[in-house]
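Single-letter residue listing:
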Amino acid sequence: MSKLVRENGIDCVPHGMRSSFRDWAAECSDAPREIAEMCLAHVEGSAAELAYRRTDYFEQRRELMQQWADYLLG
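Residues numbered from 1 in each chain as written. Predicted model: local features only at pLDDT ≥ 70, side-chain atom pairs only at ≥ 80, totals over all residues. Heavy atoms only, no water.

> Residue-level account of the pattern of salt bridges, with values.
Summed over the entire model, instances satisfying the criterion amount to four salt bridges. Among the ionic pairs, Lys3 bridges to Glu7, the shortest N-O distance being 3.6 Å. Taken together, the residues Lys3 and Glu7, both in helix α1 (residues 2-7) and four residues apart, mark about one turn of the helix. Pair check on accessibility: Lys3 and Glu7 agree, each one exposed. Among the salt bridges present, the one from Arg62 reaches Glu59, with a minimum N-O distance of 2.7 Å. Taken together, the residues Arg62 and Glu59, both in helix α5 (residues 58-73) and three residues apart, mark about one turn of the helix. For Glu59, a relative accessible area of 37% gives the class partly exposed. (Salt bridge = Lys/Arg side-chain N within 4 Å of Asp/Glu carboxyl O. Helix = DSSP H or I, 4+ residues; strand = E, 2+ residues; numbered from the N terminus. Buried < 20%, exposed > 50% of the residue type's maximum accessible area, 1.4 Å probe, protein only.)

> Run through the packing of aromatic side chains, naming residues and quoting values.
Going through the model one piece at a time under the given rule, you end up with five aromatic pairs. Between the aromatic rings of Phe21 and Trp68, the centroid separation amounts to 5.4 Å while the plane-to-plane angle is 75°, which identifies the pairing as edge-to-face. A residue pair is termed long-range when its members are at least 10 positions apart, and Phe21 in helix α2 (residues 14-28) and Trp68 in helix α5 qualify at 47 residues. For the ring pair Trp68 and Tyr71, a centre distance of 5.8 Å and an interplane angle of 20° mean the geometry is stacked. Linking Trp68 with Tyr71, this pair stays in helix α5, spanning three residues, or about one helical turn. (Phe/Tyr/Trp six-rings, centres within 6.5 Å; stacked < 30°, edge-to-face > 60°.)

> Tell me what's going on with the environment of Asp30, and back it up with residues and numbers.
On the secondary structure map, Asp30 appears in the loop between α2 and α3 (33-39). It is 12 Å that separates the C-alpha atoms of Asp30 and Arg61, two residues lying 31 residues apart in sequence.

> Any details on α2? Residues and values, ideally.
Counted at 1.5 Å a residue, the expected span for α2 with its 15 residues is 21 Å, and the 20 Å between its end C-alpha atoms agrees. Burial in α2 covers these residues: Pro14, Phe21, Arg22, Trp24 and Ala25. Considered in projection along α2, the buried side chains sweep an arc of 165° and stay on one side of the axis. α2 presents His15, Ala26 and Glu27 as exposed residues on the side facing more than 90 degrees away from its buried surface. Where α2 is buried, its residues meet α1, α3 and α5. (Expected span 1.5 Å × (residues − 1). Arc of directions from axis to C-beta. Contact = heavy atoms within 4.5 Å.)

What follows is the structure, encoded as C-alpha cells:
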C-alpha cells in the first residue's frame, strides 16, 4: 500500500488513512465498534468469544466501507 500511495503521488501514509477511517466510523457512522475494528482487520475478544464467533460480518463491513467510499468521494 505504501508503494502504491507513493507511486501515485498521494500525500498521505496508509496508517494515517486507517486512522482517519477509524475516527470517521466512530464520529460519523452508526456502525458498532466491533464492525469498524473488523474493517481494519483487528481481531478482538476473549479466546472463548473468538471461538464461538462464526461470522465475518461481511455485509455490515461492506455497507460501512461503501459509506466510507461515498464520504471520500464527496
